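Listed below are the residues making up each chain.
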Amino acid sequence: EADIYQTPRYLVIGTGKKITLECSQTMGHDKMYWYQQDPGMELHLIHYSYGVNSTEKGDLSSESTVSRIRTEHFPLTLESARPSHTSQYLCASSGRYQETQYFGPGTRLLVL
Amino acid sequence: DQQVKQNSPSLSVQEGRISILNCDYTNSMFDYFLWYKKYPAEGPTFLISISSIKDKNEDGRFTVFLNKSAKHLSLHIVPSQPGDSAVYFCAASLGEYNFNKFYFGSGTKLNVKP
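Description of the structure in this document. (Residues numbered from 1 in each chain as written. Chains lettered and ligands numbered in written order. Predicted model: local features only at pLDDT ≥ 70, side-chain atom pairs only at ≥ 80, totals over all residues. Heavy atoms only, no water.)

### Overview of the nonpolar core
Residue and element names in this part refer to chain B. The biggest cluster of nonpolar side chains holds 25 residues, and the ones touching the most others in it are Val-4, Phe-30, Phe-33, Trp-35, Leu-73, Leu-75 and Tyr-88. Those elements that place two or more of their residues in this core are β3 (19-25), β4 (32-38), β5 (45-51), β7 (62-67), β8 (72-77), β9 (86-93) and β11 (108-113). With four residues, the single largest contributor to this core is β9. (Core = buried A, V, L, I, M, F, W, Y, C linked by side-chain atoms within 4.5 Å. Buried < 20%, exposed > 50% of the residue type's maximum accessible area, 1.4 Å probe, protein only. Helix = DSSP H or I, 4+ residues; strand = E, 2+ residues; numbered from the N terminus.)

### Quick look at the sheet that holds strand β1 (residues 4-5) of chain B
In space, the five strands of this open sheet follow the order β1-β3-β8-β7-β6 (chain B), with antiparallel pairing throughout. Across the chains shown, the open sheet's two edge strands, defined by having one partner strand only, are β1 and β6 (56-59) of chain B. (Pairing = 2+ DSSP bridges.)

### Brief notes about the state of the cysteines
Here the structure, examined in full by the defined rule, presents two disulfides over all chains. A sulfur-sulfur separation of 1.9 Å characterises the disulfide bridge that pairs A:Cys23 with A:Cys91. Measuring handedness by torsion sign, the sulfur bridge of A:Cys23 and A:Cys91 sits at about -75° and is left-handed. Placement of the pair is A:Cys23 in strand β3 (residues 19-25) and A:Cys91 in strand β9 (residues 87-94), with a sequence separation of 68 residues. With a relative accessible area of 0%, A:Cys23 lands in the buried category. Paired by a disulfide, B:Cys23 and B:Cys90 hold their sulfur atoms 2.0 Å apart. Between B:Cys23 and B:Cys90, the S-S torsion sits near -70°, and that sign places the bridge as left-handed. You can see B:Cys23 sitting in strand β3 and its partner B:Cys90 sitting in strand β9, a full 67 residues away along the chain. (Disulfide = S-S within 2.5 Å.)

### A closer look at the pattern of salt bridges
For the coordinates displayed, the defined rule picks out five salt bridges over all chains. In this structure, A:Glu72 engages A:Arg70 in a salt bridge whose closest nitrogen and oxygen atoms are separated by 3.1 Å. The partner of B:Arg61 in a salt bridge is B:Asp84, with the nearest N and O atoms 2.8 Å apart. With B:Arg61 in the loop between β6 and β7 and B:Asp84 in the loop between β8 and β9, the pair connects residues that are 23 residues apart, well separated along the chain. On the basis of relative accessible area, B:Asp84 is assigned to the buried category, the value being 2%. (Salt bridge = Lys/Arg side-chain N within 4 Å of Asp/Glu carboxyl O.)

### Quick word on the layout of surface pockets
A volume near 360 Å³ is recorded for the largest pocket. Residue lining of the largest pocket: 19 residues in total, with A:Gln37, A:Gly40, A:Arg108, B:Lys38 and B:Val87 positioned closest to the centre. Every element with two or more residues in the lining of the largest pocket is listed here: β9 and β11 of chain B. Per-class residue counts for the lining of the largest pocket are eight nonpolar, seven polar and four charged. (1 Å grid on protein atoms, 1.4 Å probe; cavity = no way out; pocket = protein on both sides within 12 Å on 5 of 7 lines; lining within 4 Å. Points joined across faces, edges and corners; volume = space filled by probe spheres on them. Nonpolar A, V, L, I, M, F, W, Y, C, P; charged D, E, K, R; others polar.)

### Some details on the sheet that holds β3(A)
Strand pairing in a sheet relies on backbone hydrogen bonds. The paired strands run either parallel or antiparallel. Residue and element names in this part refer to chain A. Spatial ordering of the open sheet is given by β1-β3-β8-β7, a layout of four strands whose pairing is antiparallel. Each end of this open sheet is capped by a strand with a single partner; those strands are β1 (4-7) and β7 (65-66). With three bridges joining them, β3 and strand β8 (residues 76-78) adopt antiparallel strand pairing. Residue Leu-21 lies in a different strand from β8, and its bridge partner there is Leu-76.

### Some words on the interface of chain B and chain A
Contacts between the two partners involve 22 residues from chain B, matched on the other side by 27 residues from chain A. Summed over both sides, the interface of chain B with chain A buries roughly 2000 Å², with 54% coming from carbon and sulfur. Linking chain B to chain A there are one salt bridge. Measuring nitrogen to oxygen at the nearest pair gives 3.4 Å for the salt bridge that ties A:Asp59 to B:Lys101. Along the contact surface separating chain B from chain A lie five residue pairs in polar contact (both at pLDDT 80 or more). Elements with a minimum of two residues in the side of chain B that touches chain A: β4, β9 and β10 (102-104) of chain B. By residue class, the composition of the side of chain B that touches chain A is eleven nonpolar, seven polar and four charged. (Contact = heavy atoms within 4.5 Å. Buried area = accessible area lost by both parts, 1.4 Å probe. Polar contact = N/O pair within 3.5 Å; in protein donor to acceptor, adjacent residues only side chain to side chain.)

See below:
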């Protein structure tokens, strides 16, 4: 059973606010990922990290930023939320020699 | 350009029968394939995987088949149970040297009727 956590689970916020979505895992995994998913659509990779102090942008362009100061923590920040950011954000992690990614429960974001 | 496609957005099956979910991909460099199951308000959970060097992998009621020449994989669930009702995502990976980046299909919603 994977131990990966995301907070908040749901967030409704006004346009222009700064938000941080938290993601933590207790498995010591090197690699962590952020995906964005709209209803009925595929998951799109927006950020990934292969270790502390390393982050890369994914295939889907995103205005969000990420940081990886600790192995277990991979927060995602939106400096100024807009309605176009409304989506579900899923965090995942995988071990060094593992192919499988383990997902958190997700954060549903609604920007008004 | 979507590299992994699930062309059936939904599938309805009677309990006890076989469910077959399909997935097509375009990138021949994918070397690992996975199926995830997702319930509403939860994150995807890993179900079963297959390496590109195999053509079949079985785990209990779940079997994944890979046809590399057709760039097609399928998930068979036998027998189907009502608890299997969920959205199933197919994913493909470019492997360790590409940081295990996954490409997902858009999902197939399976409804198993009692």
